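Architecture at a glance
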Amino acid sequence: TFQSLCPRERYLPSRHIDAIAWHLEQVAEGTLKRLIITLPPRHLKSICASVAFPAWVLGRRPESRIIAASYSSELAGKFALDCRSIMNTPWYRELFPGTRISRLRDQETDFMTTRRGYRFSTSVGGTLTGRGGNLIIVDDPLKPEDAMSELKRRAVNEWFGRTLYSRLDDKARDAIVIIMQRLHVD
């Protein structure tokens, strides 16, 4: 995934990436239902969890329903576009021949597989009416400069509790992954 998205950069393997991949695999297998990944910027956490992971989940189970959220619609759209780009590479198509993006729904922030699974992206606080999923990914719920605002932290936490959490299809079996920098205890 890294080489497809960043062809001019050199990938440097690291133990933290192996640890992220192992934990995400546990989420996909259903043995881990809640995961928070907190690392500083530029550690590939978003490529791992918001781009490669949804593509891998949809590759293995094209009927999966994924909701992804970020603090802005632009960031959510970038992650969705990168994921969709990976799913259209020749190596992905060879690795997962049963997973294809449907022509019926192939938008930047909302695409569906031919098996009716999908990756839907929104911003934190954005609309989720009529949407449900068996995997929720929240990548950077707040901008770093908003982390010190009690009002903004409270708004994100309330949106998570009142809106996003209710979108899990099965709260006991489905998974939530959060990716972010840890900037405040709340």
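Below is a short write-up of the structure. (Residues numbered from 1 in each chain as written. Predicted model: local features only at pLDDT ≥ 70, side-chain atom pairs only at ≥ 80, totals over all residues. Heavy atoms only, no water.)

Another point: the pattern of salt bridges. A full pass over the atoms with the stated rule returns 12 salt bridges. Note that Asp106 and Arg84 form a salt bridge whose closest N and O atoms lie 3.3 Å from each other. Taken together, the residues Asp106 in strand β3 (residues 101–106) and Arg84 in helix α4 (residues 73–87) connect sequence positions 22 residues apart. Taking the relative accessible area as the measure of exposure, Asp106 reaches 40% and is therefore partly exposed. Residue Asp186 pairs with Arg153 through a salt bridge whose shortest N-O separation is 3.8 Å. Here the residue Asp186 occupies a position in the segment after β7 (175–180), and Arg153 occupies one in helix α6 (residues 150–164), the gap between them amounting to 33 residues. In this structure Asp186 comes out as exposed when scored by relative accessible area, which is 56%. Of the residues examined, Arg153 reaches a relative accessible area of 9% and is grouped as buried. (Salt bridge = Lys/Arg side-chain N within 4 Å of Asp/Glu carboxyl O. Helix = DSSP H or I, 4+ residues; strand = E, 2+ residues; numbered from the N terminus. Buried < 20%, exposed > 50% of the residue type's maximum accessible area, 1.4 Å probe, protein only.)

Bringing the pairing of strand β1 (residues 34–38) into the picture now. Each regular strand carries side chains that alternate between the two faces of the sheet. By the alternation rule, side chains of β1 split into Leu35 and Ile37, which are all buried, and Arg34, Ile36 and Thr38, of which none is buried. Across five bridges, the pairing between β1 and β7 is parallel. Opposite Arg34, over in β7, you have Ile176 as the bridge partner. (Pairing = 2+ DSSP bridges.)

Leu24, Ile37, Phe53, Met87, Leu135, Ile137 and Val177 are the most contacted members of the largest nonpolar core, which has 31 residues in total. If you list the elements that add at least two residues to this core, you get α2 (15–29), β1, α3 (45–60), β2 (65–70), α4, β6 (135–139) and β7. The element contributing the most residues to this core is α3, with seven residues. Among residues more than four places away in sequence, those in contact with Ile37 are Ile20, Leu24, Lys45, Ala49, Val177, Ile178, Ile179 and Met180. Residues Met112, Val124, Ile136 and Leu168 belong to the second largest nonpolar core, which totals 16 residues. (Core = buried A, V, L, I, M, F, W, Y, C linked by side-chain atoms within 4.5 Å. Contact = heavy atoms within 4.5 Å.)

This brings us to the packing of α3 against α4. Between α3 and α4, the shortest axis-to-axis distance is 9 Å and the interhelical angle comes to 45 degrees. Relative to α4, the element α3 is oriented oblique. The chirality of how α3 crosses α4 is right-handed. Contacts between α3 and α4 involve Ser46, Ser50, Val51, Pro54, Ala55 and Leu58 from the former and Phe79, Asp82, Cys83, Ile86 and Met87 from the latter. Looking at the contact of α3 with α4 residue by residue, the class counts come to eight nonpolar, two polar and one charged. (Axes fitted to C-alpha atoms, helices over the stretch in contact; angles between N-to-C directions. Parallel < 35°, antiparallel > 145°, perpendicular 65-115°, else oblique. Left-handed = near helix turned anticlockwise from the far one by under 90°. Nonpolar A, V, L, I, M, F, W, Y, C, P; charged D, E, K, R; others polar.)

In this section: the state of the cysteines. Applying the stated criterion to the full structure yields zero disulfides. As a non-bridged cysteine, Cys6 has Cys48 as the owner of its nearest cysteine sulfur, 11 Å distant. Note on Cys6: relative accessible area 16%, which makes it buried. The thiol of Cys83 is unpaired, and the distance to the nearest cysteine sulfur, on Cys48, comes to 13 Å. Residue classification places Cys83 among the buried residues on the basis of a relative accessible area of 0%. (Disulfide = S-S within 2.5 Å.)

Read these as geometric descriptors, not functional statements.
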